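Close look at the chain arrangement
Chain by chain, the residues:
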Amino acid sequence: MRQNFLFETMTILSSDDRSFLTHRLPMAMAAKKVCRNVWIICKDTGKCEEIRKIGFGVIDLPTGNVPLNIFANLKMLRQLTGVYKSLRPDLIYHSSVQMSFLGSLVNLFMGNPLSINAITGVGYLFSSEQPKAKFLRWAMNPVLRVLWGQAGTVMLFQNSDDREVFFKRGLSARNAPLIPGSGVDDQKFRPAATKRSLRKINRTLVIGCASRLLYDKGIPELIEAVKIVEKDYDFELRVAGDIYPKNPSSCSQRDIEEWSKISSVKFLGNLSDMVGFWQGCDVAILPSHREGFPKALLEAAACEIPLLGTDVAGVREIIDNEYNGLLFAKGDHKDIARKIEKMLIDQKLRHSAGKASRELIKRKGLSNHSIEAAFVELFKSIKTRAVVASDR
């Protein structure tokens, strides 16, 4: 029996194949339920064949080295225009601020088809207080108002704080749709068979941090906090992630070399086995200055790990203070140190907060299954024009 689809063709514009697999898959699986053909447009870093095996069409599209610079991305924009003209999608999904900017430029020449601009974190442009970022905000805001104010454009957010920021700048409706995060596979990310924290009291506890190594992710103040805490406590900080030279906020290789000299700190680089990483940790920490909805903390929570994080947008959506973790002040290395100490000292807190973390995944509907269902409903509402973000 021939299946009826809401859309004939949908394209998903993602920065690269790896980020698609880690952050966009529940959304894309929802798309397969309502679209006859779903194409992933992204940079090929070696994972595109894996995407094809799942059942998606894939088109390799390298992006320029300066994310929000039109001229640095002219080749990419020409290629993307050609792809859109060839595929003629009737629904387009842009997966970040950068992709929403570049994709919306191309949409101007395509008659502005139905499109979703997914703001998965406000990023450097809207969160940094560096003079360059402030200038870019001033210069880009009028352009983005035009691009993102087109009829048929839906602005999608992961938390209400980001939505409010964009509303105040005239870039979104106040009631724009919100889907909390990218989901987590709670069958894959599970507690270790034997909880490490129950084996013995006097062993070295492990704090895990999975993050790009950026100043805006709070890495420098985390290192300063570790220097304070290690004077009195035996623990290890394991950091999974790498520098990101394309980002103006990136830590330098010299920073990593200097910080690696600290006995309690281990930099592991990018890891493929994040389940193993989190199951080997007793506590998870993310000192980020702002997030959309942190995937790293979702994965840690599913592994029944207590959480430490900054009291900022995105992070406080998954950390209920004193319930499944502790919040600390943004950029305050002394407060970070205090919260680390409290978690290291209090074994009962670690145990109860860990249990609560996994329960929160179910209670807030943050699993892949729940997020996929939410996207199916969003796509249906877009088809009936019940959701538009240009009504501002």
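Structure: see above.
What comes next concerns the included structure. (Residues numbered from 1 in each chain as written. Predicted model: local features only at pLDDT ≥ 70, side-chain atom pairs only at ≥ 80, totals over all residues. Heavy atoms only, no water.)

1. Section: the sheet that holds strand 2 (residues 35–43)
Defined as follows: Pairs of strands are assigned from DSSP output, requiring at least two bridges between the strands. Counting from the N terminus, the helices are the DSSP runs of H or I reaching at least four residues and the strands are the DSSP runs of E reaching at least two. With axes taken as lines fitted to C-alpha atoms, and helix axes fitted only over the stretch in contact, angles between N-to-C directions fall between 0 and 180 degrees.
The strand order 3-2-1-4-5-6 describes an open sheet built from six strands, whose pairing is parallel. Of all strands in the sheet, those bounded by a partner on one side alone are strand 3 (57–60) and strand 6 (153–157). Neighbour-to-neighbour, the strand axes of this sheet turn through a mean angle of 20 degrees, independent of strand direction. Pairing of strand 5 (residues 115–119) with strand 6, which is carried by five bridges, proceeds in the parallel orientation. Following the sheet pairing, Ala118 is matched in strand 6 by Leu156.

2. Overview of unusual backbone geometry
The backbone of Arg88 sits at a positive phi, close to 50 degrees, despite the residue not being glycine. When you line up the elements, Arg88 lands in the loop between helix 4 (74–87) and strand 4 (91–94).

3. Some details on the pattern of salt bridges
Let me state the cut-off plainly: Salt bridges are defined by distance alone: a side-chain nitrogen of Lys or Arg within 4 Å of a carboxyl oxygen of Asp or Glu. A simple rule labels every residue: compare its accessible area, found with a 1.4 Å probe on the protein chains alone, to the largest value its type can have, and call it buried under 20%, exposed over 50%, or partly exposed in between.
Summed over the entire model, instances satisfying the criterion amount to 17 salt bridges. When the shortest N-O distance is used, the salt bridge between Glu258 and Lys261 registers 3.0 Å. Residue Lys261 is classed as exposed on the basis of its relative accessible area of 63%. What emerges from the salt-bridge pattern is a single network uniting Asp161, Asp311 and Arg316.

4. Quick word on helix 2 (residues 25–34)
Count 3.6 residues to each turn of an α-helix, and residues three or four apart come out pointing the same way. Applicable threshold: Only heavy atoms enter the contact rule, under which two residues are in contact if any of them lie within 4.5 Å.
Listed as buried for helix 2 are Pro26, Met27, Ala28, Ala30, Ala31 and Val34. Summarising the contacts, the buried residues of helix 2 are in contact with strand 1 (7–16), helix 1 (17–23), strand 2, strand 4 and helix 15 (368–383).

5. Digging into the packing of helix 2 against helix 15
Between two packed helices, what matters for the description is the angle formed by their axes and the separation of those axes. For the record, the criterion: Put simply, angles under 35 degrees are roughly parallel, angles over 145 are roughly antiparallel, angles from 65 to 115 are roughly perpendicular, and the rest are oblique. Crossing handedness is defined as follows: a turn of the near helix away from the far one that is anticlockwise and smaller than a right angle gives a left-handed crossing, while the clockwise case is right-handed. By the convention adopted, Pro, Cys, Tyr, Trp, Phe, Met, Ile, Leu, Val and Ala count as nonpolar, Lys, Arg, Asp and Glu as charged, and the other residues, Gly among them, as polar.
The N-to-C vectors of helix 2 and helix 15 enclose an angle of 45 degrees; their axes lie 8 Å apart at closest approach. Overall, the two elements helix 2 and helix 15 adopt an arrangement that is oblique. Of the two possible hands of crossing, helix 2 and helix 15 adopt the one that is right-handed. Of the residues in helix 15, those touching helix 2 at Pro26, Met27, Met29, Ala30, Ala31, Lys33 and Val34 are Asn368, Ile371, Glu372, Phe375, Val376 and Phe379. Partitioning the contact of helix 2 with helix 15 into residue classes produces 10 nonpolar, one polar and two charged.

6. Observations concerning the pairing of strand 1
Strand 1 sits mainly inside the fold: eight of its 10 residues count as buried. Inspection of the sheet shows strand 1 paired to strand 4 by four bridges, in the parallel sense. For Leu13, the partnering residue across the bridge sits in strand 4 and is His94.

7. Some words on the nonpolar core
The condition is simple: Within this scheme, the nonpolar core is defined by two criteria: the residues are buried Ala, Val, Leu, Ile, Met, Phe, Trp, Tyr or Cys, and they are joined through side-chain atoms within 4.5 Å.
Of all hydrophobic cores here, the largest spans 32 residues; its most connected members are Met10, Ile12, Tyr93, Ile116, Phe375 and Phe379. For this core, the element with the most residues is helix 15, which contributes six residues. When sequence neighbours within four positions are dropped, the list of residues in contact with Ile116 reads Leu91, Ile92, Tyr93, His94, Val154, Leu156, Leu378, Phe379 and Ile382.

8. Digging into the environment of Leu171
Locating Leu171 in the fold gives a position in the loop between helix 8 (160–168) and strand 7 (205–210). Separated by 27 residues in sequence, Leu171 and Leu144 place their C-alpha atoms 6.9 Å apart.

9. Side note on the pairing of strand 7
To keep things clear, this is the line we draw: When the strands point away from the viewer, a crossover counts as right-handed if the path from the first strand over the helix to the second runs clockwise.
For strand 7, the tally of buried residues reaches six of six residues, placing the bulk of the element in the interior. Sheet analysis places strand 7 next to strand 8 (residues 235–240), joined by six bridges and oriented parallel. Each residue of the ladder has a partner; that of Leu205, found in strand 8, is Phe235. The parallel pair strand 7 and strand 8, bridged by helix 9 (residues 219–229), forms a crossover whose chirality is right-handed. With two bridges joining them, strand 7 and strand 10 (residues 283–286) adopt parallel strand pairing. Looking across to strand 10, one finds that Ile207 is bridged to Val283.

10. Quick notes on the sheet that holds strand 9 (residues 265–269)
Paired through their backbone hydrogen bonds, the strands of a sheet run either parallel or antiparallel. The sheet built from six strands is open, its strands ordered 9-8-7-10-11-12 with parallel pairing. Both edges of this open sheet fall to strand 9 and strand 12 (325–328), since each of them pairs with a single strand only. Pairs of neighbouring strands in the sheet enclose a mean axial angle of 20 degrees, with direction left out of account.

11. Topic: the environment of Lys339
With respect to the helices, strands and loops of the structure, Lys339 is situated in helix 13 (residues 333–345). Remark: the alpha-carbon pair of Lys339 and Gly309, spanning 30 residues in sequence, is separated by 9.3 Å. Ignoring any residue separated from it by four or fewer positions in sequence, one finds Lys339 in contact with Leu308, Leu326, Leu327 and Phe328.

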